[in-house]
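The chain contents come next:
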Amino acid sequence: MSMVGGKFCLDSIRSYELCIVGNNGYEGDFVNEEEVVLTKEGAIARILINREKALNALNQGVMMRLDQIFSELEADVGVLVAIITGAGQKAFVAGADIAEIGEAGDNRTELIRKGQAVFSRIRNSSKVVIAAINGYALGGGCELALACDFRIASESTKLGFPETKLGLMPGYGGTQILPRLVGMAKAKWMIYSGEMITASEAYRIGLVEMICNNESLQEEASRLAMKIASNGPFAVKTCKRAIQKGLDLPLEKALQVELEEYDRVARSSDAEEGMAAFLSKRKPNFKGK
Ligand code: CAA
């Protein structure tokens, strides 16, 4: 055992202690790089939540590592798209770690506040984030998927908000983002009843954007990621920022946001390159500027 930031941390070979002050409030918590694994291939980052035995439940270590990864990705101009998935065949993420919430006692709300900040970082990331949902996406797991730009689900996936069954409520954005995505009544149905829904029902109500075979999920997510990554990175990032910024504004103000962002894209070298490539019938060579 060793002391970091006033807290005791276990030592292990692939783990290390961090004292990240100002990173969404995590201080000296324990991060295990193996619990969330980041790999990169060109413009695409893959993020694997790797706690298969606990159905990839989100404990503080996982949340802190996600925070760290998205902060690192923000600084990596080479990456445009990130795909998040869960380890194993059974679960994407089965929710926040119930044992940890149980133990948190009076600190429960603080735990959730920090987690909400991590999901805000993901939602507001300049990268396009795809959730490849490979099984149960429950509670905080469904909220993680909601923090992403798109949700692709395997056919055996089940999604739901079982918090009320535990006497709890969603805390990582579920009560606010789900109604915005699927409509108020369907969101209320899911949250009040705690019932799980199938991937096809989720597709029908607009909670996921695509369903595919269990075997082809990662391939389909990669295909979409590559398609996005082949487009002008500066334009894609600016589109995301315009959409995020405009969502909660009145239409006239939101259109002003679009115009301001359009002006940036219009002056970009990627726009010059994209149009020149089209006119000379060649592939564009975008620089992300
Ligand atoms: N937290 C901690 N551990 C979890 C977990 C969770 N959310 N979900 C599953 N696990 C653990 C189980 O305790 C079990 O561990 P052991 O083998 O050590 O006993 C292991 O994962 C496998 O789970 P089950 O044996 O329960 O598997 P199953 O196939 O019988 O059931 C399931 C699968 C329906 C997903 C069931 O595990 C389940 O209901 N999980 C809890 C789902 C839930 O309530 N999520 C919401 C959490 S609260 C939340 O997320 C709040 C928020 O908004 C932030």
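This write-up is about the structure you can find in this document.

Procedures and definitions
- Residues numbered from 1 in each chain as written.
- Predicted model: local features only at pLDDT ≥ 70, side-chain atom pairs only at ≥ 80, totals over all residues.
- Axes fitted to C-alpha atoms, helices over the stretch in contact; angles between N-to-C directions.
- Helix = DSSP H or I, 4+ residues; strand = E, 2+ residues; numbered from the N terminus.
- Parallel < 35°, antiparallel > 145°, perpendicular 65-115°, else oblique.
- Left-handed = near helix turned anticlockwise from the far one by under 90°.
- Contact = placed C-beta atoms within 7 Å.
- Nonpolar A, V, L, I, M, F, W, Y, C, P; charged D, E, K, R; others polar.
- Pairing = 2+ DSSP bridges.
- Near = placed C-beta within 6 Å.
- Buried ≥ 20, exposed ≤ 12 C-beta atoms within 10 Å, placed from the backbone.
- Expected span 1.5 Å × (residues − 1).

Helix-helix packing: each pair is described by the crossing angle between the helix axes and the interaxial distance. In contact at an axis separation of 9 Å, helix H1 (residues 60-75) and helix H3 (residues 108-123) are set at 30° when each is read in the N-to-C sense. The angle between H1 and H3 falls in the class roughly parallel. As for how H1 packs across H3, the hand of that crossing is left-handed. Contact residues: Met-63, Leu-66, Asp-67 and Phe-70 in H1; Lys-114, Gly-115, Val-118, Arg-121 and Ile-122 in H3. Grouping the constituent residues of the contact of H1 with H3 by class yields five nonpolar, one polar and three charged.

The subject of this paragraph is the sheet that holds strand E10 (residues 136-138). Pairing within the open sheet is mixed, and its four strands lie in the order E8-E10-E12-E13. In the strand order of this sheet, the two ends are held by strand E8 (91-93) and strand E13 (196-198), each with one partner. Pairwise comparison of adjacent strand axes, ignoring direction, gives a mean angle of 20° for this sheet. Note: E10 against strand E12 (residues 158-160), two bridges, orientation parallel. When the sheet's bridge partners are listed, Leu-138 is paired in E12 with Gly-160.

Moving on: the site of the ligand. Taken together, 23 residues lie around the ligand, and Ala-57, Gly-95, Ala-96, Gly-139 and Gly-140 are the ones closest in. Of all the secondary-structure elements, those providing two or more residues to the shell around the ligand are helix H2 (98-104), E10 and helix H4 (140-146). The class makeup of the residues in the shell around the ligand is 15 nonpolar, five polar and three charged.

Let us look at the packing of helix H9 (residues 233-246) against helix H10 (residues 251-266). At a minimum axis separation of 9 Å, H9 and H10 run at an interaxial angle of 165°. Regarding the angle of H9 to H10, the classification is roughly antiparallel. Here the hand of the crossing between H9 and H10 comes out right-handed. On H10, the residues touching Phe-234, Ala-235, Thr-238, Arg-241, Ala-242, Lys-245 and Gly-246 of H9 are Ala-254, Val-257, Glu-258, Glu-261, Arg-264 and Val-265. Residues that form the contact of H9 with H10 fall into these classes: six nonpolar, two polar and five charged.

Attention now moves to the environment of Leu-178. With respect to the secondary-structure elements, Leu-178 resides in helix H5 (residues 174-182). Among the residues examined, Leu-178 registers 23 C-beta atoms within 10 Å and is labelled buried. Along the sequence, Leu-178 and Cys-142 sit 36 residues apart, while their C-alpha atoms lie 9.3 Å from each other. Apart from residues lying up to four places away in sequence, Leu-178 is in contact with Leu-146, Ala-187, Met-190 and Ile-191.

This paragraph deals with H9. Residues spaced three or four apart along an α-helix face the same direction, because each turn holds 3.6 residues. Its 14 residues place the ends of H9 20 Å apart at the C-alpha level, agreeing with the 20 Å of an ideal helix rising 1.5 Å per residue. All buried positions along H9 are accounted for by Pro-233, Phe-234, Val-236, Lys-237, Thr-238 and Ala-242. If you follow the buried residues of H9, they end up packed against strand E9 (128-133), helix H8 (217-229), H10 and helix H11 (269-279).

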